[in-house]
Amino acid sequence: MRTRLCPARKISGILVLGLCALGLLAGCKGSSADRSSTGREIVIFVDFSESIRGDEQNLFLRDLEKSILPTLSAGDRIVIAPINDKTLTSFRPIVEATFPDPPAFDGWSDNLLKYNQQVKTVNAEVLRLKEEIKTQISDMFKGRATSHQTDIFSSLVMAQKLFDHQPRQKVLVLMSDMIVDYGPYRFERIAWDRSKNSTMLSDLRTKGMIPDLSNVCVYVSGVSAASADQAGNIARFWQEYFDQTNAKLDPSRYAHVLLLWPPNKSCN
């Protein structure tokens, strides 16, 4: 004999399916690791070389305090480090903070009042961390020793290490004029021609200085040069360089100030 479901059980089953479709049940959601992947892994390298003047550093500070800091939220992680000539030998972040994951709500077992309290606790910790980071950023620009050389390539190699195996959305911000002044790569002295980019990229690849930055969304702020021609040559080099790293650098995000922030999900 075939068993018939009573109307109440049918309705219950329909409700469960409906809630799952809407993503309202914890059982329909992913694990805590999946939830943390909705946050962002933001790595910021700030240029403190001698070529960066005080007014340009003020632009960096404004971008950090007015654009990036207000958008940090639960689930995010941020690392801020200097661009200098000792990145690979003595790397040490100036700012490093991980925001708590947003609480998950299980419609079957969680108490709504308890969930709301968890939300308040997480929000309070987010605000506390933001204030702490703001103070650290301010201190970073006070009396920061300048570097005699600008080794952006080593910073990008370190970025690969920082992003490795991270489930969050990967965002790299370079606050620099993007004028390398290190070793054989001194952009202001280069006689740029059609073959120069290929020659430099081949040399950098041989030295292991072209990292794998797959699925990394790149922003550049602080771009500057002595002339429009030099600026164009340097911009074209960096576009080719980041293409080879498999990162995503749209020309609209390569500018003198931070543009199109915050990144959207399609950036990666």
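Parameters and conventions
Residues numbered from 1 in each chain as written. Predicted model: local features only at pLDDT ≥ 70, side-chain atom pairs only at ≥ 80, totals over all residues. Heavy atoms only, no water. Core = buried A, V, L, I, M, F, W, Y, C linked by side-chain atoms within 4.5 Å. Buried < 20%, exposed > 50% of the residue type's maximum accessible area, 1.4 Å probe, protein only. Helix = DSSP H or I, 4+ residues; strand = E, 2+ residues; numbered from the N terminus. Contact = heavy atoms within 4.5 Å. Expected span 1.5 Å × (residues − 1). Polar contact = N/O pair within 3.5 Å; in protein donor to acceptor, adjacent residues only side chain to side chain. 1 Å grid on protein atoms, 1.4 Å probe; cavity = no way out; pocket = protein on both sides within 12 Å on 5 of 7 lines; lining within 4 Å. Points joined across faces, edges and corners; volume = space filled by probe spheres on them. Nonpolar A, V, L, I, M, F, W, Y, C, P; charged D, E, K, R; others polar. pLDDT = per-residue confidence, 0-100. Lys, Arg positive; Asp, Glu negative; His and termini not counted. Salt bridge = Lys/Arg side-chain N within 4 Å of Asp/Glu carboxyl O. Disulfide = S-S within 2.5 Å.

Draft legend 1. Layout of the nonpolar core. By size, the foremost hydrophobic cluster in this structure holds 40 residues, and its most contacted members are Leu-172, Phe-187 and Trp-238. Of all elements in the fold, only β1 (40–47), β2 (77–83), α5 (152–163), β4 (169–175), α6 (196–206), β7 (216–221) and α7 (228–245) reach the threshold of two or more residues within this core. No other element matches α5, which puts eight residues into this core. For Trp-238, the residues in contact, after removing those within four places along its chain, are Ile-152, Phe-153, Leu-156, Met-178, Val-180, Phe-187 and Tyr-254. With 31 residues, the next largest nonpolar core counts Val-46, Ile-52, Leu-72 and Trp-261 among its residues.

Draft legend 2. Representation of helix α4 (residues 112–140). In a regular helix each residue adds 1.5 Å, so 29 residues correspond to 42 Å; α4 covers 42 Å between its end C-alpha atoms and thus fits that length. Every buried residue of α4 is accounted for by Val-122, Val-126, Leu-129, Lys-130, Ile-133, Ile-137 and Met-140. Looking at the buried residues of α4, the elements they touch are β1, α3 (54–71), β2 and β3 (95–98). Its side-chain oxygen at 2.8 Å from the backbone nitrogen of Leu-113, Asn-111 defines the N-terminal cap of α4.

Draft legend 3. Geometry of the layout of surface pockets. Space inside the second largest pocket adds up to approximately 150 Å³. Along the wall of the second largest pocket there are 13 residues; nearest its centre are Ser-51, Ile-179, Val-180, Asp-181 and Glu-188. Broken down by class, the residue content of the lining of the second largest pocket amounts to three nonpolar, five polar and five charged.

Draft legend 4. Inspection of unusual backbone geometry at higher detail. In the segment running from Trp-261 into Pro-262, the intervening peptide bond is cis, with an omega of 5°. Relative to the elements of secondary structure, Pro-262 occurs in the segment after β8 (254–255). At Asn-215, a position not held by glycine, the phi torsion is positive, near 65°. The phi torsion at Asn-246 lies on the positive side, around 70°, for a residue other than glycine. Counting through the fold element by element, Asn-246 comes out in the loop between α7 and β8.

Draft legend 5. How the structure looks around the confidence of the model for the protein. Overall, the predicted model of the protein reaches an average pLDDT of 85, with 82% of residues at or above 70. Predicted confidence in the protein is weakest over helix α2 (residues 32–36), with a mean pLDDT of 42, and strongest over β7, with 98. Contacts from residues 5–36, a stretch scored under 50 in pLDDT, to residues over four places away or in other chains number 24 contacts.

Draft legend 6. Spotlight on the side chain of Arg-253. With respect to the secondary-structure elements, Arg-253 resides in the loop between α7 and β8. Comment: no salt bridge for buried Arg-253; closest opposite-charge side chain is Asp-250, at 5.1 Å. There is a polar contact of 3.0 Å between the side chain of Arg-253 and the backbone oxygen of Val-218. What Arg-253 contacts, discounting residues up to four positions off in sequence, is Cys-217, Val-218, Tyr-219, Val-220, Lys-248, Leu-259, Leu-260 and Cys-267.

Draft legend 7. View of the state of the cysteines. One pass over the full model with this rule turns up one disulfide. The disulfide that involves Cys-217 links it to Cys-267, with 1.6 Å between the sulfurs. When the S-S torsion is 70°, as for the bridge of Cys-217 with Cys-267, the disulfide is right-handed. Of the two residues, Cys-217 is situated in strand β7 and Cys-267 in the segment after β8; the sequence distance between them amounts to 50 residues. Of the two residues, Cys-217 and Cys-267, neither departs from the other in class, the shared state being buried.

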